[in-house]
Amino acid sequence: MAALLWRICNLLMAAFFGLAAAVQVVYLVPSALTLLVSIKPSVTDNGVWRSLCDLHSAGCIVGTIALACSLFAYTQGNILHEEEGRELFGLVIITIWMSLCRSSAKSPLGGVRLIAAIVVALFPFASWLYIYVNKEMRASWPTHCKTVI
């Protein structure tokens, strides 16, 4: 059951990263890596997969730090109302998910790590739903965001 849940979580995250890649190219690599894990979970033992995961995660960590510094220095309101704030959360999600995928090579996910994977996999979709339903947040969107959905 845990293996099936892990694969479903990877399919959800591959879908999320794939949809997000239409807007931000940074999501292409995690989309492909996550799709591979959903198809064949043992791929996380592969050296090429691990190297791509590590390089992309390192870049996301650097981007997270840079965006966080910028946001904390210049943002006056809710960071989710800022484009950079949403990008920051996206980079954090990528980093967490790639870490969960990478650690799954050592031992199958179960218990707390599986629960964390389920929460992380559902978080982007719950956030999108909240943002889409929240009229106040949609009102503050720039024009190019209003025409996407």
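Residues numbered from 1 in each chain as written. Predicted model: local features only at pLDDT ≥ 70, side-chain atom pairs only at ≥ 80, totals over all residues. Heavy atoms only, no water.

Looking now at the confidence of the model for the protein. This prediction gives the protein a mean pLDDT of 86; 92% of its residues lie at or above 70. Of all the helices and strands in the protein, helix α7 (residues 143-146) carries the lowest mean pLDDT, 68, while helix α2 (residues 28-39) carries the highest, 95. (pLDDT = per-residue confidence, 0-100. Helix = DSSP H or I, 4+ residues; strand = E, 2+ residues; numbered from the N terminus.)

A word on the packing of α2 against helix α4 (residues 83-103). Here α2 crosses α4 at 30 degrees, and the two axes come no closer than 11 Å. On the basis of the axis angle, α2 is roughly parallel to α4. Note on packing geometry: the crossing formed by α2 with α4 is left-handed. Counted together, Pro-30, Leu-33, Thr-34 and Val-37 of α2 and Ile-94, Trp-97, Met-98 and Cys-101 of α4 form the full contact between these two elements. In terms of residue class, the contact of α2 with α4 is made up of seven nonpolar, one polar and no charged. (Axes fitted to C-alpha atoms, helices over the stretch in contact; angles between N-to-C directions. Parallel < 35°, antiparallel > 145°, perpendicular 65-115°, else oblique. Left-handed = near helix turned anticlockwise from the far one by under 90°. Contact = heavy atoms within 4.5 Å. Nonpolar A, V, L, I, M, F, W, Y, C, P; charged D, E, K, R; others polar.)

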